[in-house]
Amino acid sequence: MMNKLIVYLLLVTAIACNRKPFVNHKLDFEKVANDCSEQQSYFRMNSNIAGERFEFEKCLAPDFKKDQVISSRKGDTVIVNLPSPAASGNVVYHITLDIDSYPQYNYVTIGEDTYQIAHSKN
């Protein structure tokens, strides 16, 4: 019985160490203004065991949809592509973006802006 437990634990450890790189995102958004001149310039990050949450405002087309956002990985950077704003009639959205990625990344590029991620040592 003890030998089976040891073999099982070794197998689980080997599988856990063999994870392939990935990046997943979840996006929530809410329209907060009808005019892009009202856009607030803030960028918040909150880290937890499930990944990082970013909150910011972005000027986008009024028909913006979640499936227009694409996340990918290049080296130690997570890249989040947002659609370009329309020529006119854009609105401001409050964006909440959750990113889960392996291995750990040190930078995130959202649209045209790149931010360095400061990881805690704990």
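Points about the overall build of the protein chain
Reasoning step 1: Tallying secondary structure elements over the protein chain gives one helix and eight strands in all.
Reasoning step 2: Along the protein chain, helices and strands appear, N-terminal first, in the series α-β-β-β-β-β-β-β-β.
Reasoning step 3: Here the C-alpha atoms of the protein chain give a radius of gyration of 19 Å, more than 25% beyond the 14 Å that 2.2 N^0.38 yields for 122 residues.
Reasoning step 4: Per-residue burial for the protein chain yields a buried fraction of 28% across its 122 residues.
Reasoning step 5: A separation threshold of at least 6 residues defines the contact pool for the protein chain, and within that pool the share at least 24 residues apart is 72%.
Reasoning step 6: Accessible area for the protein chain stands at about 8500 Å²; split by element, carbon and sulfur atoms hold 52% of it.
Reasoning step 7: For the protein chain, the separation between the mean place of its 13 positive charges and that of its 14 negative charges on side chains is 11 Å.

Things to note about the layout of surface pockets
Reasoning step 1: What the largest pocket holds in volume is close to 360 Å³.
Reasoning step 2: Around the largest pocket, the lining is made up of 17 residues, and of these Asn 48, Ile 49, Gly 51, Glu 52 and Gln 104 lie nearest the centre.
Reasoning step 3: Within the residue set of the lining of the largest pocket, elements represented by two or more residues are β2 (43-48), β3 (51-60) and β6 (91-102).
Reasoning step 4: Looking at the lining of the largest pocket, the element that brings in the most residues is β6, giving four residues.

Quick word on the confidence of the model for the protein chain
Reasoning step 1: Residue-level pLDDT values for the protein chain average 88, and 90% of them are 70 or greater.
Reasoning step 2: Here helix α1 (residues 2-17) stands out as the element of the protein chain with the lowest mean pLDDT, 69, in contrast to strand β5 (residues 77-81), whose mean of 96 is the highest.

Re the pairing of strand β7 (residues 107-110)
Reasoning step 1: With four bridges joining them, β5 and β7 adopt parallel strand pairing. Along β7, the bridge assignment pairs Ile 79 with Thr 109.
Reasoning step 2: The pairing of β7 with strand β8 (residues 113-116) spans four bridges and is classified as antiparallel. For Tyr 107, the partnering residue across the bridge sits in β8 and is Gln 116.
Reasoning step 3: Adjacent in sequence and paired antiparallel, β7 and β8 are bridged by two residues, among which Gly 111 carries a positive phi angle near 65°.

Digging into unusual backbone geometry
Reasoning step 1: Of note, the amide linkage connecting Tyr 102 to Pro 103 takes the cis form, showing an omega dihedral of -5°.
Reasoning step 2: Residue placement: Pro 103 occurs in the loop between β6 and β7.

Cut-offs and rules
Residues numbered from 1 in each chain as written. Predicted model: local features only at pLDDT ≥ 70, side-chain atom pairs only at ≥ 80, totals over all residues. Heavy atoms only, no water. Helix = DSSP H or I, 4+ residues; strand = E, 2+ residues; numbered from the N terminus. Rg over C-alpha atoms; globule rule 2.2 N^0.38 Å. Buried < 20%, exposed > 50% of the residue type's maximum accessible area, 1.4 Å probe, protein only. Contact = heavy atoms within 4.5 Å. Areas by Shrake-Rupley, 256 points an atom, 1.4 Å probe, with all protein chains shown as cover. Lys, Arg positive; Asp, Glu negative; His and termini not counted. Charge placed at Lys NZ, Arg CZ, Asp CG, Glu CD. 1 Å grid on protein atoms, 1.4 Å probe; cavity = no way out; pocket = protein on both sides within 12 Å on 5 of 7 lines; lining within 4 Å. Points joined across faces, edges and corners; volume = space filled by probe spheres on them. pLDDT = per-residue confidence, 0-100. Pairing = 2+ DSSP bridges.

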